[in-house]
Amino acid sequence: VVGGGAGLVLGAVLTPLNSQLQQETEHLPLREQMRRGVREMGSQSRSWGKNLLVIGAVFSVSECFVEKSRGRSDRWNSIFGGCLTGGVLAAGAGPQAMGVGCAGFAAFSAAIDALGFGHFD
């Protein structure tokens with residue numbers, strides 16, 4: 001849920017920076033420009049929200065699975081959970097992408113824990 005909310009906010013913030021609407025709506029009245037801008041911002045916010053919601057859900061499930069499988073509650077659960085998440089999300093791109101995704105998400109999870117944003121001391 002937090003990932004979905006963060007995605008909505010990111011979509012609203014990043015859409016104006018990545019929009020192609022300026023060239024398309026340059027000669028339209030201000031009201032039409034605003035209407036199209038808000039519509040694109042809503043579309044991008046939903047897209048970001050869905051993506052981050054899926055990532056958060058996959059990570060939560062995989063971290064819980066790892067914790068139950070290992071029978072321990074430590075920082076390795078988030079690292080292994082991150083590896084599983086990266087592998088699952090990259091499954092459609094092949095084994096090399098799964099390995100890179102695994103390494104990337106595991107490293108990110110380790111960095112978050114090391115910086116103190118995780119729930120372990």
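We now turn to the structure provided with this report.

Conventions and cut-offs
- Residues numbered from 1 in each chain as written.
- Predicted model: local features only at pLDDT ≥ 70, side-chain atom pairs only at ≥ 80, totals over all residues.
- Heavy atoms only, no water.
- Disulfide = S-S within 2.5 Å.
- Helix = DSSP H or I, 4+ residues; strand = E, 2+ residues; numbered from the N terminus.
- Buried < 20%, exposed > 50% of the residue type's maximum accessible area, 1.4 Å probe, protein only.
- Axes fitted to C-alpha atoms, helices over the stretch in contact; angles between N-to-C directions.
- Parallel < 35°, antiparallel > 145°, perpendicular 65-115°, else oblique.
- Left-handed = near helix turned anticlockwise from the far one by under 90°.
- Contact = heavy atoms within 4.5 Å.
- Nonpolar A, V, L, I, M, F, W, Y, C, P; charged D, E, K, R; others polar.
- Salt bridge = Lys/Arg side-chain N within 4 Å of Asp/Glu carboxyl O.

### Some words on the state of the cysteines
Evaluation of the coordinates by the stated rule reveals one disulfide. Across a sulfur-sulfur distance of 1.7 Å, cysteine 83 and cysteine 102 are joined as a disulfide pair. With the S-S dihedral at roughly -80 degrees, the linkage between cysteine 83 and cysteine 102 falls on the left-handed side. With a gap of 19 residues between them, cysteine 83 in helix H4 (residues 75-89) and cysteine 102 in helix H5 (residues 95-114) connect regions that are remote in the sequence. We classify cysteine 83 as partly exposed; its relative accessible area is 25%.

### A few points about the packing of H4 against H5
A pair of packed helices can be characterised by two numbers: the angle between their axes and the separation between those axes. As a packed pair, H4 and H5 sit with axes 7 Å apart at the nearest point and diverge in direction by 150 degrees. As the angle between them shows, H4 and H5 are arranged roughly antiparallel. In this structure, the crossing between H4 and H5 has a hand that is right-handed. Side by side, H4 and H5 meet where Arg75, Ser78, Ile79, Gly82, Cys83, Thr85, Gly86, Gly87 and Leu89 of the first sit next to Met98, Gly101, Cys102, Phe105, Ala106, Ser109, Ala110, Asp113 and Ala114 of the second. For the contact of H4 with H5, the class distribution of residues is nine nonpolar, seven polar and two charged.

### Things to note about the environment of leucine 10
One can find leucine 10 in helix H1 (residues 2-18). Put simply, leucine 10 and arginine 46 are 36 residues apart on the chain and 9.9 Å apart in space, counted from C-alpha to C-alpha. Ignoring sequence-local partners within four residues, the contact set of leucine 10 consists of Thr15, Trp48 and Leu52.

### Re the pattern of salt bridges
Counted under the stated rule, the structure contains three salt bridges. Ionic pairing is found between glutamate 32 and arginine 35, a salt bridge with its closest N-O pair at 2.8 Å. Separated by three residues within a single helix, glutamate 32 and arginine 35 lie in helix H3 (residues 30-70), roughly one turn from each other. In this structure arginine 35 comes out as partly exposed when scored by relative accessible area, which is 43%. Among the ionic pairs, arginine 70 bridges to aspartate 74, the shortest N-O distance being 2.7 Å. Judged by relative accessible area, which is 26%, arginine 70 ranks as partly exposed.

### As for the side chain of serine 45
Looking at where serine 45 falls in the secondary structure, it is placed in helix H3. In this structure serine 45 touches Gly7, Leu8, Gly11 and Ala12, once residues within four positions along its chain are discounted.

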